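Residue strings, one per chain:
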Amino acid sequence: LEERIQEECRFLTDAFRDEQGNPFNPHLKINSAVSNVICSITFGNRFEYHDEDFQNLLRLMDETVTLHGKIMSQLYNAFPSIIKYFPGSHQTIFENWRLMKGFVKEKISKHKEDLNPSESRDFIDSYLQEMAKPNGSDFCEDNLVACTLDLFFAGTETTSTTIRWALLFMAIYPEIQARVQAEIDAVIGQTRQPALEDRDKMPYTNAVIHEVQRKGNIIPFSLPREAMKDTVLAGFHLPKGTIVVPNLSSVMLDKKDWETPHSFNPEHFLKDGQFWKREAFMPFSIGKISCSLMLLCGSTGMGLLAAQ
Ligand code: HEM
């Protein structure tokens, strides 16, 4: 994964360089780079940033995420059996899902054509190999499509939005940007790619990345979860079936835990010049249900991309 991120970083920095120092909106380029890391894991290949099919997939994902915030989509979530008959943003979401599933299904068909049972090129190959096993009945193609799109939705928007917050904070606080740059120059230099093993030698940059995630707070209500059985949580009785919506902001902006909760302040993660791991840092949520790929895809990917 690290190599794939490093490879994509080269394309992303080239795309930035092509702008020759002129102002530009980095949104699509960052989305393309982050999605490409997921593409190379799932499909086994990356796309050129101007590839039409790729840009179409990204546009559909972007639009679908935005439409989830619209009033009709929210009403659909609350009253699906009635609202499904009405026109509105939720219908566009369904249409977008149909198109995105079509894209992934086409990729799966191509993989089936040249599948080598003894070698796996990517996630789709590995999944197809599991399906072919005699006890692989839990694995089916519909689920493969869903898991692949899960990775895209969970991995693209989150990482891409966080990187955009990082750029914004660096633009607003040039003195912090200068300290990060100085640390990058001292530890990595200008001739090689950053690697995960550099992280421990870069406490300031590490603290800045953590502060971007704390202050950016991009998933303030995590994901809704359901109690599978009667449960007692922090003294509250939750009957089976209760939907739990964790409020991550209440922890990441708590003045009991953070010296200056509403300011962008990397010192929150520094003690005596060393990186300070804080318990109240939980942008990936916590426990068994936390972001399943947070260590590799979240922190490493973020760190590597930021260090570019
Ligand atoms: C800055 C980047 C990211 C942030 C802040 C983030 C945050 C989160 C959060 C808050 C959850 C909900 C956990 C819960 O329910 O308690 C989650 C779930 C998940 N994330 Fe991430 N995530 C990031 C990147 C990624 C990436 C890159 C991937 C994969 C490529 C990924 C895959 C997933 C998956 C599959 C789940 C669902 C886990 C499950 O249902 O058990 N995430 N993420």
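Residue positions are given per chain, counting from 1 as you read along its sequence in written order. Whole-chain, interface and lining totals are the exception, using all residues; otherwise, since this is a predicted model, local features are given only for residues with pLDDT of at least 70 and side-chain atom pairs are given and counted only at 80 or more. Water and hydrogen atoms were dropped before computing side-chain values, which therefore reflect all heavy atoms in the structure.

### Some remarks on the packing of helix α2 (residues 27-42) against helix α8 (residues 141-172)
The criterion, for reference: Angles run from 0 to 180 degrees between N-to-C directions of axes, and those axes are lines fitted to C-alpha atoms, restricted for helices to the stretch in contact. Secondary structure elements are taken from DSSP: a helix is a run of H or I of four residues or more, a strand is a run of E of two residues or more, and numbering for both begins at the N terminus. Each crossing is labelled by how the near helix is turned from the far one, with a counterclockwise turn of less than a right angle marking it left-handed and a clockwise turn marking it right-handed. The contact definition used throughout considers only heavy atoms, calling two residues in contact when any of these lie within 4.5 Å. Polarity classes work like this: nonpolar for Ala, Val, Leu, Ile, Met, Phe, Trp, Tyr, Cys and Pro, charged for Asp, Glu, Lys and Arg, and polar for all others, with Gly in that last group.
Where α2 meets α8, the closest approach of the two axes is 9 Å, and the angle between their N-to-C directions is 145 degrees. Handedness of the α2/α8 crossing: right-handed. Residues His 27, Ile 30, Asn 31, Val 34, Ser 35, Ile 38, Cys 39 and Thr 42 of α2 pack against Thr 148, Leu 151, Phe 152, Gly 155, Thr 156, Thr 159, Ser 160, Ile 163, Arg 164 and Leu 167 of α8. Of the residues belonging to the contact of α2 with α8, the class tally is eight nonpolar, nine polar and one charged.

### Concerning the environment of Lys 215
By the secondary structure assignment, Lys 215 is in helix α10 (residues 203-216). Note: C-alpha distance between Lys 215 and Leu 253 (38 residues apart in sequence) is 7.9 Å. Residues in contact with Lys 215, not counting those within four places in the same chain, are Phe 169, Pro 261, His 262, Ser 263 and Phe 264.

### Side note on the coordination of the iron atom of the ligand
Just so we agree on the cut-off: The rule for donors is simple: N, O or S, within 2.8 Å of the metal, or within 3.2 Å if the metal is Na, K or Ca. Water isn't counted, so a site may look like it is missing partners.
Just one protein atom coordinates the iron atom of the ligand, and that atom is Cys 291 (SG), at 2.2 Å. Position of Cys 291 relative to the elements: it lies in the loop between β6 (274-275) and α12 (294-307).

### Section: the pattern of salt bridges
Put simply, the test is: Basic side-chain nitrogens of Lys or Arg form a salt bridge, by our definition, when they fall within 4 Å of a carboxyl oxygen of Asp or Glu. For the exposure calls, accessible area comes from a 1.4 Å probe over protein chains only, and a residue counts as buried if that area is under 20% of its type's maximum, exposed if over 50%, partly exposed in between.
Going through the model one piece at a time under the given rule, you end up with 16 salt bridges. Residue Glu 141 is joined to Lys 112 by a salt bridge in which the shortest nitrogen-to-oxygen separation is 2.6 Å. Of the two residues, Glu 141 is situated in helix α8 and Lys 112 in helix α6 (residues 89-113); the sequence distance between them amounts to 29 residues. Classification of Glu 141 by relative accessible area gives partly exposed; the value is 25%. Note that Arg 121 and Asp 114 form a salt bridge whose closest N and O atoms lie 3.4 Å from each other.

### Remarks on unusual backbone geometry
A positive phi angle, near 50 degrees, is found at Gln 20, a position not held by glycine. In this structure, Gln 20 sits in the loop between α1 (2-17) and α2. Looking at Gln 20, the relative accessible area reads 66%, which means it is exposed. For Ala 234, which is not a glycine, the phi torsion comes out positive at approximately 50 degrees. Tracing the chain through its elements places Ala 234 in the loop between β2 (231-233) and β3 (236-238). A relative accessible area of 73% means that Ala 234 is categorised as exposed.

### Observations concerning the confidence of the model for the protein chain
Where we set the bar: Confidence scores labelled pLDDT are given residue by residue by the predictor and lie between 0 and 100.
Averaged over every residue, the pLDDT of the protein chain is 91; residues scoring 70 or more account for 94%. Confidence drops under a pLDDT of 50 for residues 295-301, and excluding neighbours within four residues, the segment shows twelve contacts in the predicted structure. Segment residues 303-308: pLDDT under 50, and 19 contacts once partners within four positions in sequence are set aside and those in other chains are kept.

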